Amino acid sequence: MSEKRPQDVAAIKGILDDLYKAWGAGDADAFVADYTEDATVVMPGAYRGSREEIRRNMAEGFASYLKGSTTIDELQSIRFLGEDGAVAVSESSVLFPGETEPPADRKVRATWVLEKRDGAWKLAAYHNSPADLPN
């Protein structure tokens, strides 16, 4: 993490913490609160092209297959791209009700692209892929 920008690092960590608290609460509106209107999400087999599309997809998930799920997340790095851009890398897993450890095949590495707009950090893009591919 960047030690030269502690306020920015704290703000970005706060955004990610709030996002996963919203996940745990099953709250799609809170989940996308820090996304830009034109945010994108790319995951294996899925593309979401706006904050509203992301919100709608998460609401559907929280009402069905993600109901009662939580996440385990480890922020691994934040790299700044000039004054108003950053890329964060994390490792995450979804835990379904009754699980204490996720199976290895559900672990993902994610990149979060953030930009500072009007003095506040916002999520502009998210991408994830399997953390480890079989040999």
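Residues numbered from 1 in each chain as written. Predicted model: local features only at pLDDT ≥ 70, side-chain atom pairs only at ≥ 80, totals over all residues. Heavy atoms only, no water.

## A word on the pairing of strand 4 (residues 85-95)
- Extensive coverage of strand 4 is indicated by the burial of 9 of its 11 residues.
- With 10 bridges connecting them, strand 3 (residues 70-80) and strand 4 associate as antiparallel partners. Paired with Asp-73 across the bridge in strand 4 is Ser-92.
- Counting the residues that bridge the hairpin from strand 3 to strand 4 gives 4 residues, and of these Gly-82 lies at a positive phi of roughly 75°. (Buried < 20%, exposed > 50% of the residue type's maximum accessible area, 1.4 Å probe, protein only. Helix = DSSP H or I, 4+ residues; strand = E, 2+ residues; numbered from the N terminus. Pairing = 2+ DSSP bridges.)

## Points about the sheet that holds strand 6 (residues 120-130)
- The 6 strands lie next to each other as 2-1-6-5-4-3, forming an open sheet whose pairing is mixed. Since the sheet does not close on itself, it has two edges, and those belong to strand 2 (46-48) and strand 3, each with one partner. Strand-to-strand twist of the sheet, defined as the mean angle between neighbouring strand axes without regard to direction, takes the value 20°.
- The sheet contact formed by strand 1 (residues 35-43) and strand 6 spans 4 bridges and is parallel. Paired with Val-41 across the bridge in strand 6 is Tyr-126.
- Contacts from helix 1 (residues 6-25) reach strand 1, strand 3, strand 4, strand 5 (108-117) and strand 6, with the element oriented near 160° to strand 3. (Axes fitted to C-alpha atoms, helices over the stretch in contact; angles between N-to-C directions. Contact = heavy atoms within 4.5 Å.)

## Describing the nonpolar core
- Counting residues in each nonpolar core, the largest one holds 30 residues, and the members touching the most others are Phe-31, Tyr-35 and Trp-112.
- Mapped by element, the contributors of at least two residues to this core are helix 1, helix 2 (28-31), strand 1, helix 3 (51-63), strand 3, strand 4, strand 5 and strand 6.
- Element by element, the count of residues in this core is highest for helix 1, at 8 residues.
- Ignoring any residue separated from it by four or fewer positions in sequence, one finds Phe-31 in contact with Leu-19, Ala-22, Trp-23, Ile-54, Met-58 and Phe-62. (Core = buried A, V, L, I, M, F, W, Y, C linked by side-chain atoms within 4.5 Å.)

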